[in-house]
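Architecture at a glance
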Amino acid sequence: MSWGTELWDQYDNLSFHTQKGIDFLERYGHFIRDRCLIEMEYASKLRRLVKNYQPKKKEEEEYQYSTCKAFKAMLCEVNDLAGQHEVIAENLQSDVIREINYLVKDIKEERKKLLQDSAKYVAMINNQVASLERSRKNYEKAFKEAERALDNFQRADADLNLSRAEVEKQRMNMAIKNQHCEESKNEYANQLQKTNELQSQHYKALMPEVFRQLQELDEKRIRNVRHFMAHSADVERNVFPIINKCLDGIINAANQVNEKQDTILVIERYKSGFEPPGDFPFDDLSRGGESTPLVLPGSGNTYVSSGVGAHRSESMTVKGTMSAGKLKKRVGLFAIFSSNKDDYSELPPNQRRKKILQKLDEMQAKLHQEIAAKDGLMKMKGVYESNPALGDPMSTEGQLNECSQRIDKLNSDIAKYQGLLQEVECNVSPAGTRKHELTEHNGIGNGSTNNLSNHNNRLNTTIPDGRAPLGEDESLSRSASDSSVSIPAVGLNNRYSGETVSLGASRNSLANDEDPPPYYDIHDLPPLGTCTALYAFEATSEGSIPMFDGEQLLIIEQDQGDGWTRVRRQPPNVEEGFVPTSYISIHSS
């Protein structure tokens, strides 16, 4: 079936139909465009939803539970789903809408050209038909004039009253009219032949070809609409595997929810480490102050009477009960940590220990990074020194100094939190059960040994004006293996039972509530040699002692690589503490 043969006389209708087809194609393109906008809007709203429900920084602790972790994993999968909808929109935009726009443009241009050709053909046939009609009218007019001329000649020839000149004139007029009529007839015949030929060509060749091309153009449009519909479905089908993976990821996240594990995490998070309170004693006033056990009727609890006015002693009160807040917090090593805002002293022992361990892990990771950065700078400096053309070695000095300062600060903080950890461990567990955990969380410094016996305690001091600052290796730390020997505090108050006392701690911290045990003497350590103070030094932190220029001192402990030496004054004014190693001149013993 062809438009050229079946619809040879429907030029106007075909022109209108092809225009409606182009309008439909544009409308379909607008539909795909709006579909892309909906997909992008949906993806945007999904991403906004995920962002609104992302855990805040203050909620990070809550997201250690399996349900919260599963929810967080589900948010990631939903975010990926949003990405797939964006892929659908982008592919529809690039593969469908753009092709539709190109197709609409091409069809419009081809249709316009075909319509111009058909209009030209119609104009040609119309002009030819008009020429034919004019020639026919001319022939008809000439024929009538020839008939009248013939009739006039015949009447003149029959009229005997007319002269021969008049008759001859009529005969000549008749001949002229007959000749004109014959010429008009031939012209009419020629125009008729040309018109018939052109009309045959118009309806059998020219216009059918135009209609055929219009038909092909319309079929091309319909074929592409079918392709665009199928391709739009394929675009969406292609992301189904990824969407299914996202849904599988959500199911896997849901399968990771473990109620037993969450129960254990709740215990670990909120466990205080305190022991449950013991039984209340029964005060039998009738016994005159004698302590006698008494069992109340209907209970299996035994109470001990302490006499008149007896009450539970503080030593028998368990931390975590109503009297826990009355217990005096023990001062930390060198009494330099007790006032720190980051010592988590407001938390129960178990939670405080957990926070300190987390803080130590964070600082150790940062320390590793800084050490690696310093090594890189040292290598760069070595390259510059070996080949000055590559750069100035002094250009790295500032960065090296800053890096060294950060390393010193981290070492100081690590030592501080190690001291806090040791204090918490002493208050929570027996000394023999925490050595492994302390070993795992000791600071990692420049060549330091990571165990309890090499635990670094750091002092901070101010160098007087006019002196160069300490070197990068002269960090204010002391080795616990020599300066802090842990001994059992036997014979102390119940509050010290099962704990250890550091010999390097300040005397003030040990004398907060009671005197030290009889055998405890900070002057028992034998001197290792003597030294002379080269500069005056003012003690600015607890654990250090002042000295004046030229003073003779006894060396109790050598510098452990941190820039500090432990010394003792000469009798009778015996005083012991730390002084900067660079401020003294050591004499060989």
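It should be emphasised that the depicted structure is a prediction, and the values quoted were computed from it without experimental measurement.

Here the focus is the pattern of salt bridges. Oppositely charged side chains are able to pair whenever their charged atoms sit close together. Per the stated rule, a full pass over the model turns up 25 salt bridges. One salt bridge connects Glu216 with Arg212, and the closest N-O pair in it is separated by 2.4 Å. Here Arg212 and Glu216 lie together in helix α4 (residues 164-238), a separation of 4 residues that amounts to about one turn. The exposure class assigned to Glu216 is partly exposed, which follows from its relative accessible area of 41%. In this structure, the salt-bridge partner of Asp218 is Arg221, at a minimum N-O distance of 2.9 Å. With Asp218 and Arg221 both in helix α4 and 3 residues apart, this pair spans about one turn of that helix.

What follows deals with the confidence of the model for the chain. Detailed reading of the predicted coordinates is not advisable wherever pLDDT falls low. On average, residues of the chain score 76 in pLDDT, and 74% of them reach the 70 mark or higher. With pLDDT under 50 throughout, residues 291-340 is counted as low confidence; its partners more than four residues away or in other chains account for 103 contacts. When the criterion is pLDDT under 50, residues 429-523 qualifies, and its contacts beyond four places in sequence or with other chains add up to 206 contacts.

This next bit is on the side chain of Thr18. Along the chain, Thr18 turns up in helix α2 (residues 11-52). Judged by relative accessible area, Thr18 falls into the buried class, the value being 6%. Separated by 2.9 Å, the side chain of Thr18 and the backbone oxygen of Ser15 make a polar contact. Those residues in contact with Thr18, other than ones at most four positions away along the chain, are Trp3, Arg111 and Leu214.

What follows deals with the packing of aromatic side chains. On inspection of all chains with the given rule, the structure shows 8 aromatic pairs. Arranged with centres 6.4 Å apart and planes meeting at 40°, the rings of Tyr139 and Phe143 form a pair that is tilted. With Tyr139 and Phe143 both in helix α3 (residues 66-158), this residue pair falls 4 residues apart, about one helical turn. Linked through ring pairs, Tyr535, Phe537, Trp564 and Tyr583 together constitute an aromatic cluster.

This part takes up helix α6 (residues 259-270). The end-to-end C-alpha distance of α6 is 17 Å, a good match for the 16 Å that 12 residues give at a rise of 1.5 Å each. Within the sequence span of α6, burial applies to Asp262, Leu265 and Arg269. Along the axis of α6, the buried positions cluster into a sector of 55°, meaning they face one direction only. Across α6 from its buried face, at more than 90 degrees, point the exposed residues Lys260 and Ile267. Next to the buried residues of α6 lie α3 and α7 (349-386).

Looking now at the side chain of Arg221. For Arg221, a relative accessible area of 7% translates into the label buried. Of note is the side chain of Arg221, whose polar atom sits 2.9 Å from the side chain of Asp218. For Arg221, the residues in contact, after removing those within four places along its chain, are Gly21, Ile22, Phe24, Leu25 and Ile107.

Among the nonpolar cores identified, the biggest contains 22 residues, and Leu25, Ile32, Leu92, Ile100 and Phe228 are the most heavily contacted of them. Elements that contribute at least two residues to this core include exactly α2, α3, α4 and α5 (240-255). In terms of residue count, α3 provides more of this core than any other element does, 10 residues in total. Apart from the residues lying within four places of it in its own chain, the contact partners of Leu25 are Ile100, Leu103, Val104, Ile107, Arg221, Val225 and Phe228. Leu357, Ile414, Leu420 and Val424 belong to the second-largest nonpolar core, a separate cluster that totals 17 residues.

Buried residues dominate strand β9 (residues 564-569), accounting for 6 of its 6 residues. Residue alternation in β9 divides its side chains into two sets, Trp564, Arg566 and Arg568 and Thr565, Val567 and Arg569, and both sets are buried. Of the pairings in the sheet, the one linking strand β8 (residues 552-557) to β9 comprises 4 bridges and is antiparallel in character. Looking at the pairing, Leu554 lines up with Arg568 of β9. The hairpin turn running from β8 into β9, its antiparallel successor, is 6 residues long, and Gly561 in that turn takes a positive phi close to 100°. Where β9 and strand β10 (residues 576-580) come together, 5 bridges link them in antiparallel fashion. Looking across to β10, one finds that Thr565 is bridged to Val579. Once β9 ends, the chain turns through 6 residues before running back antiparallel as β10.

Definitions and cut-offs
Residues numbered from 1 in each chain as written. Predicted model: local features only at pLDDT ≥ 70, side-chain atom pairs only at ≥ 80, totals over all residues. Heavy atoms only, no water. Salt bridge = Lys/Arg side-chain N within 4 Å of Asp/Glu carboxyl O. Helix = DSSP H or I, 4+ residues; strand = E, 2+ residues; numbered from the N terminus. Buried < 20%, exposed > 50% of the residue type's maximum accessible area, 1.4 Å probe, protein only. pLDDT = per-residue confidence, 0-100. Contact = heavy atoms within 4.5 Å. Polar contact = N/O pair within 3.5 Å; in protein donor to acceptor, adjacent residues only side chain to side chain. Phe/Tyr/Trp six-rings, centres within 6.5 Å; stacked < 30°, edge-to-face > 60°. Expected span 1.5 Å × (residues − 1). Arc of directions from axis to C-beta. Core = buried A, V, L, I, M, F, W, Y, C linked by side-chain atoms within 4.5 Å. Pairing = 2+ DSSP bridges.

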